[in-house]
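Residue-level structure breakdown
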Amino acid sequence: MKKISAIVVNWNGKEVLSGCLRSLLDQDYEDFEILVVDNGSKDGSQALVKKEFPTVKLIENEANLGFGPAVNKGFEKAKGDYLIFLNNDLALQPDCLRQLAKLLDSDPTVGAAIPKILYYSSSEKNTSRETARINSYGVLVNYTGIACPNLIDQFDQSDLTLTESACGGIFMLPREVYEKVGGFDDDLFLYHEDHDLSWRIRMMGWKLMVVPDSVCYHHYNFNKGVLKFYRSEKNRLHILLKNFECKTLCLIAPAIVLVEISQIVHALFHGWFFLKLKSYREIASQSIKISRKRRQIQSTRKVPDKEIVRLHQDIIAVTGLKNPLVDYFLNPILKLYWICIRGLI
């Protein structure tokens with residue numbers, strides 16, 4: 001049996017952290033360890049872990065490093081053959097880890113096993129599969145980098161099958177994959193760090209698969225704050241610039257420009273225009289660093305963009321946002337343009 005290391009990132013999440021840790025301790029998998037990486041919480045989370053969960057390894061950061069950098073701290077201390085990173089607001093079904101490990105044991109071409117995530121209210125009310133709603137079943141990614149959870153808000157289905165995904169919000173990966181691909185990009189404080197790691201795993205020749213029998217429940221609240229838009233948009237451009245081949249970047253450039261114009265209009269009307277300008281300045285200031293990372297990634301990748309974009313979407317969807325201009329103007333243009341250039345990648 002392979003040892004599993006479960007890494008939970010926490011920042012002032014005392015109220016939900018207990019539920020997450022208890023669900024981990026209730027797993028029916030025998031050989032695993034739990035690590036909590038705390039990002040300088042001020043709500044007593046550290047004391048809670050020490051008092052109520054003495055078997056859990058606590059890594060204390062002095063400040064909030066962000067999600068990906070915190071997971072990296074856990075990766076460095078983890079002893080498992082399989083590594084899984086988790087948000088503190090998740091609760092796992094008892095067989096969640098076992099189902100993910102089962103797939104990794106059986107198929108060496110899989111570099112990441114992704115659980116199905118349902119909204120937590122479903123578990124609280126012990127609702128049936130027919131009334132439980134999906135938070136994510138993998139992640140859909142548009143070719144301009146905009147990502148959205150797959151099947152979000154749809155009713156859970158009994159006939160969901162093992163499904164390949166371009167991205168996973170959380171997933172379990174073998175140590176071999178971590179050692180060859182590396183962990184999260186420390187420059188991505190929050191948002192798209194999972195997208196970036198998923199992308200790099202695929203570039204090295206592994207698949208990401210969603211496992212329908214592995215289930216988590218999520219205390220989910222969609223954050224429409226301007227800082228989310230700012231960080232998400234900055235990181236989206238960051239990973240596009242470092243992960244796509246030059247030819248692909250040139251081909252999709254007109255679509256990226258169109259999406260950026262749309263984002264600027266959104267920023268003007270929703271109060272984050274100056275943050276959008278700040279994101280451009282920061283991307284420009286990081287250009288040398290991004291270029292270095294890009295050279296390293298492009299020189300070691302095993303899979304070309306032609307295979308990567310096989311799973312990319314031709315239209316965009318944004319969680320929690322509905323706009324007729326996106327549906328009836330932006331998406332038709334993006335779809336038509338994708339038809340024109342996809343065969344050239």
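Anyway, here's the lowdown on the structure attached to this text. Source: prediction; values computed, not measured. (Residues numbered from 1 in each chain as written. Predicted model: local features only at pLDDT ≥ 70, side-chain atom pairs only at ≥ 80, totals over all residues. Heavy atoms only, no water.)

Examining a nonpolar patch on the surface
The following threshold applies: By definition, no residue in a patch forms a salt bridge, and every one has over 30% relative accessible area; like charges are joined within 9 Å, nonpolar side chains (Val, Leu, Ile, Met, Phe, Trp, Tyr) within 5 Å. What sets the accessible areas is the Shrake-Rupley method with a 1.4 Å probe; for residues, cover comes only from the shown protein chains. A carboxyl oxygen of Asp or Glu within 4 Å of a side-chain nitrogen of Lys or Arg is what we treat as a salt bridge. Here a helix means four or more residues in a row that DSSP labels H or I, a strand means two or more in a row labelled E, and each is numbered from the N terminus. Burial classes: relative accessible area under 20% of the type maximum marks a residue as buried, over 50% as exposed, and values in between as partly exposed (1.4 Å probe, protein chains only).
Taken together, the side chains of Val 257, Ile 261, Val 265, Leu 268 and Phe 269 present a nonpolar region at the surface, about 520 Å² in accessible area. With respect to the helices and strands, Leu 268 occurs in helix α9 (residues 246-270). Taking the relative accessible area as the measure of exposure, Leu 268 reaches 52% and is therefore exposed.

Looking at the packing of helix α8 (residues 226-243) against helix α11 (residues 287-300)
The test is simple: Lines fitted to C-alpha atoms define the axes here, with helix axes fitted over just the stretch in contact, and angles between the N-to-C directions of these axes take values from 0 to 180 degrees. Each angle gets one of four labels, with under 35 degrees taken as roughly parallel, over 145 as roughly antiparallel, 65 to 115 as roughly perpendicular, and the rest as oblique. Between two residues, a contact is recorded if the distance between any of their heavy atoms is within 4.5 Å. Three classes are used: nonpolar for Ala, Val, Leu, Ile, Met, Phe, Trp, Tyr, Cys and Pro, charged for Asp, Glu, Lys and Arg, and polar for all others, with Gly counted as polar.
Where α8 meets α11, the axes come as close as 8 Å, and the angle between the chain directions of the two elements is 45 degrees. Relative to α11, the element α8 lies oblique. Packed against α8, whose contacting residues are His 238, Leu 241, Lys 242 and Asn 243, the element α11 presents Ile 290, Lys 293, Arg 294, Ile 297 and Gln 298 at the interface. Within the contact of α8 with α11, the residues separate by chemical class into three nonpolar, three polar and three charged.

Looking at the pairing of strand β6 (residues 110-119)
Stated precisely, the cut-off is as follows: Between any two strands, at least two bridges found by DSSP are needed for them to pair.
Counting buried positions over the 10 residues of β6 gives 10, a clear majority of the element. Where β6 and strand β12 (residues 207-218) come together, nine bridges link them in parallel fashion. Paired with Leu 118 across the two strands is Tyr 217, which belongs to β12.

Concerning the side chain of Asp 95
Using the following cut-off: Only four residue types enter the charge count, namely Lys and Arg as positive and Asp and Glu as negative; His and the chain termini do not.
For Asp 95, the location among the structural elements is in the loop between β5 (90-92) and α4 (96-106). With no salt bridge to any partner, buried Asp 95 finds its closest opposite charge in Arg 98, at an N-O distance of 4.0 Å. In contact with Asp 95, other than residues within four places in its own chain, are Gln 27, Asp 28 and Asp 213.

As for the side chain of Ser 41
So the rule is basically this: Nitrogen and oxygen atoms within 3.5 Å of one another constitute a polar contact, given that in protein one can donate a hydrogen and the other can accept it, and given that sequence-neighbouring residues count only through two side-chain atoms.
Locating Ser 41 in the fold gives a position in the loop between β2 (32-39) and α2 (45-52). A relative accessible area of 7% means that Ser 41 is categorised as buried. Among the polar contacts made by the side chain of Ser 41, one reaches the side chain of Asn 10 at a distance of 3.2 Å. Beyond its immediate stretch of four places on either side in the chain, Ser 41 contacts Asn 10, Trp 11, Asn 12 and Gln 46.

A word on the pairing of strand β3 (residues 57-61)
Heads up, the rule is: Convention used here: a crossover is right-handed provided that the path from the first strand, over the helix, to the second strand proceeds clockwise when the strands point away from the viewer.
Sheet analysis places β2 next to β3, joined by five bridges and oriented parallel. For Asp 38, the partnering residue across the bridge sits in β3 and is Glu 60. Viewed along the sheet, the connection from β2 through α2 into β3 turns out right-handed.

Brief notes about unusual backbone geometry
Within the chain, Asn 12 stands out as a residue other than glycine whose phi angle is a positive 50 degrees. With respect to the helices and strands, Asn 12 occurs in the loop between β1 (4-10) and α1 (14-25). Positive phi outside glycine occurs at Leu 151, with the angle close to 60 degrees.

With respect to the state of the cysteines
Basically, it comes down to this: Any pair of cysteine sulfurs within 2.5 Å is marked as a disulfide.
What the rule picks out here adds up to zero disulfides. The closest cysteine sulfur to the non-disulfide-bonded Cys 148 is located on Cys 167, 11 Å from its own sulfur. Of the cysteine sulfurs around Cys 250, a residue in no disulfide, the closest is that of Cys 246, at 6.6 Å. Judged by relative accessible area, which is 60%, Cys 250 ranks as exposed.

Remarks on the packing of α8 against helix α10 (residues 273-285)
To be explicit about the condition: With the far helix as reference, a near helix turned anticlockwise by less than a right angle produces a left-handed crossing, and one turned clockwise produces a right-handed crossing.
Close contact between α8 and α10 brings their axes to 9 Å; oriented N to C, the two are set at 30 degrees. With respect to α10, the axis of α8 lies roughly parallel. Pair α8 / α10 crosses with right-handed handedness. Packed against α8, whose contacting residues are Val 226, Leu 227, Tyr 230, Glu 233, Lys 234, Leu 237, His 238 and Leu 241, the element α10 presents Leu 275, Lys 276, Lys 278, Ser 279, Tyr 280, Glu 282 and Ile 283 at the interface. Grouping the amino acids of the contact of α8 with α10 by side-chain chemistry returns eight nonpolar, two polar and five charged.

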